[in-house]
Amino acid sequence: MGKEKAGVKELEFGGPLGTVALLALMPCTILYLVLLCGSEDGGLLSVPAPPGGLAQLWDVRAFGICVAWILFQALLYTLPIGYVAEGLPLKNGKKLKYKINAFQAFIITLATLGLAVYYGLDLSYIHDRLLQFAFSAILISLLLSTYLYARSLTKPESELSTAGNSGFFSYDFFMGHELNPRIGSFDFKYFCELRPGLIGWMVINLAMLHKEVQQGTGPSLPLILVNIFQFIYVADALWNEECILTTMDIVHDGFGFMLVCGDLAWVPFVYSLQANYLVSHPRSISYASAALICVVKGVGYVIFRGANSQKNAFRRNPNDHAVSHLKSIPTSSGKRLLVSGWWGLVRHPNYLGDLVMALSWSLPCGFSHVLPYFYVLYFLGLLVHREARDANQCGKKYGAAWEEYCNRVKYRIFPYIY
């Protein structure tokens, strides 16, 4: 524990005590949801059979596979493929360079996985040991977070995160003390943001499909839809990898347990919830229902990609013919705030599209249980909180221009609602 530093005006998540609670809550929620998916009841508030002690959670082979998986993705990250992009200026004025090759890594991973399956790899092993894999990912997250915090203690003030430099150990450990931890050109935060967890999510989904086929209940239309929808989402994120260089995670947040566990454990094991659920709770849907769900997915994707592409094009070149007609508000920092197009509809149209897509992932699971909709509910809370954090930072950064922007674009995420 320590005294709050002058550079940190506000502490989020309930401060030191809140982050202590979250340090326990995040891992417990992951394990709880994995256990719940395999239970017969499947109710979100039901109590699944607890694991039989550490022996049921710990598996040396699962831990070794998780470590090998991360090292394999790290190897792909370092390959001389793709291109290099610059990030936004840091508070010391420097711009870091980032290797952009996540989509290529994704293709290589899928090809490698396909060959392994062809030569006898049983992907259903992942389903059968999912709890052990989740526990291993949580343990790796804890070990990596400990290393990152320890190394941050030797770093100068200019390399620390303002959001994670409070002086309280639990808070800084959770939020991330160092902004951009690197060894040479290897950026830990940037690497973990899209690669091991996001690509791992797809591998888990494929393992669920494999398991369903083995059980004789698949491939079912609901699980095929979930796989396709989420594959499109992940492929789109990896294809547009450079876009994350302007996100709050990269620009503002340090790399601590919140993001480490989120990237390596929460994303692959919570985001695959619908696929995992359908293996234990198979169902069928009509082609008409499937078509309607596809429309929901399509609408969400058009909003999400349209908004993000519009923003990125405007940031690269406001005079581009595709965005030159858009209205904007100048700020004292030299940046301009869009107030037309998708960004004149709500302040975060990308969040709106993201939520609509998330709903389309859950709809194939039906309405018998709330469990498949956990991600939608969690994601809604996450985006509302993130919008509030973003609004607070933008208000401080842009001042009167931000007030004018909020007056012209009144709704935050949902038109005419919020």
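**Remarks on unusual backbone geometry**
Okay, step 1: Despite not being glycine, Phe-13 has its phi angle at roughly 60°, a positive value.
Okay, step 2: By the element assignment, Phe-13 lies in the segment before α1 (15–37).
Okay, step 3: One non-glycine residue, Tyr-416, lies in positive phi territory at about 65°.
Okay, step 4: As for its position among the elements, Tyr-416 is in the segment after α18 (400–408).
Okay, step 5: Judged by relative accessible area, Tyr-416 falls into the exposed class, the value being 71%.

**A closer look at the nonpolar core**
Okay, step 1: Of all hydrophobic cores here, the largest spans 105 residues; its most connected members are Ile-30, Ile-126, Tyr-190, Trp-201, Leu-238 and Phe-269.
Okay, step 2: One finds Ile-329, Ala-401, Cys-406 and Val-409 within the second-largest nonpolar core, a separate group that totals eleven residues.

**Some thoughts on helix α4 (residues 102–118)**
Okay, step 1: For α4, which comprises 17 residues, the first-to-last C-alpha distance of 24 Å matches the rise-based estimate of 24 Å (1.5 Å per residue) to within 8%.
Okay, step 2: Those residues of α4 not exposed but buried are Ala-102, Ala-105, Phe-106, Thr-109 and Leu-113. With its buried residues spanning 100° around the axis, α4 presents them on a single face. In this structure, α4 carries Leu-115 and Tyr-118 as exposed residues pointing more than 90 degrees from its buried face.

**A word on the environment of Gly-197**
Okay, step 1: Residue placement: Gly-197 occurs in helix α9 (residues 196–215).
Okay, step 2: When the C-alpha positions of Gly-197 and Val-267 are compared, they lie 5.8 Å apart, and in sequence the two are 70 residues distant.
Okay, step 3: The contacts of Gly-197, once residues within four sequence positions are left out, are Asp-263, Val-267 and Pro-268.

**Description of α9**
Okay, step 1: Helix length check: α9 (20 residues) gives 28 Å between terminal C-alpha atoms against 28 Å at 1.5 Å per residue, within 8%.
Okay, step 2: After α9 finishes, the residue Gly-216 shows a positive phi value of roughly 85°.

**A few points about a nonpolar patch on the surface**
Okay, step 1: On the surface, Ile-224, Ile-228, Phe-231 and Ile-232 cluster together into a nonpolar patch covering about 300 Å² of accessible area.
Okay, step 2: Position of Ile-228 among the secondary structure elements: in helix α10 (residues 221–239).

**Description of the packing of aromatic side chains**
Okay, step 1: For the coordinates displayed, the defined rule picks out 32 aromatic pairs.
Okay, step 2: Note on Trp-201 and Trp-361: the rings are 5.5 Å apart at their centroids and 65° apart in plane angle, and the pair reads as edge-to-face. Highlighted residues: Trp-201 in helix α9 and Trp-361 in helix α16 (residues 349–362), separated in sequence by 160 residues.
Okay, step 3: Take Trp-201: its relative accessible area is 0%, and that puts it in the buried class.
Okay, step 4: You can call Trp-361 buried: its relative accessible area is 1%.
Okay, step 5: Among the aromatic residues, those joined into a cluster by ring pairs are Trp-201, Tyr-233, Trp-266, Tyr-271, Phe-304, Trp-361, Phe-374, Tyr-375, Tyr-378 and Phe-379.
Okay, step 6: Sitting above the plane of the Tyr-125 ring, Arg-61 keeps its charged end 4.6 Å from the centroid.

What counts and what doesn't
Residues numbered from 1 in each chain as written. Predicted model: local features only at pLDDT ≥ 70, side-chain atom pairs only at ≥ 80, totals over all residues. Heavy atoms only, no water. Helix = DSSP H or I, 4+ residues; strand = E, 2+ residues; numbered from the N terminus. Buried < 20%, exposed > 50% of the residue type's maximum accessible area, 1.4 Å probe, protein only. Core = buried A, V, L, I, M, F, W, Y, C linked by side-chain atoms within 4.5 Å. Expected span 1.5 Å × (residues − 1). Arc of directions from axis to C-beta. Contact = heavy atoms within 4.5 Å. Patch = residues over 30% accessible without salt bridge, like charges linked within 9 Å, V, L, I, M, F, W, Y side chains within 5 Å. Areas by Shrake-Rupley, 256 points an atom, 1.4 Å probe, with all protein chains shown as cover. Salt bridge = Lys/Arg side-chain N within 4 Å of Asp/Glu carboxyl O. Phe/Tyr/Trp six-rings, centres within 6.5 Å; stacked < 30°, edge-to-face > 60°. Lys NZ or Arg CZ within 6 Å of the ring centre and 35° of its normal.

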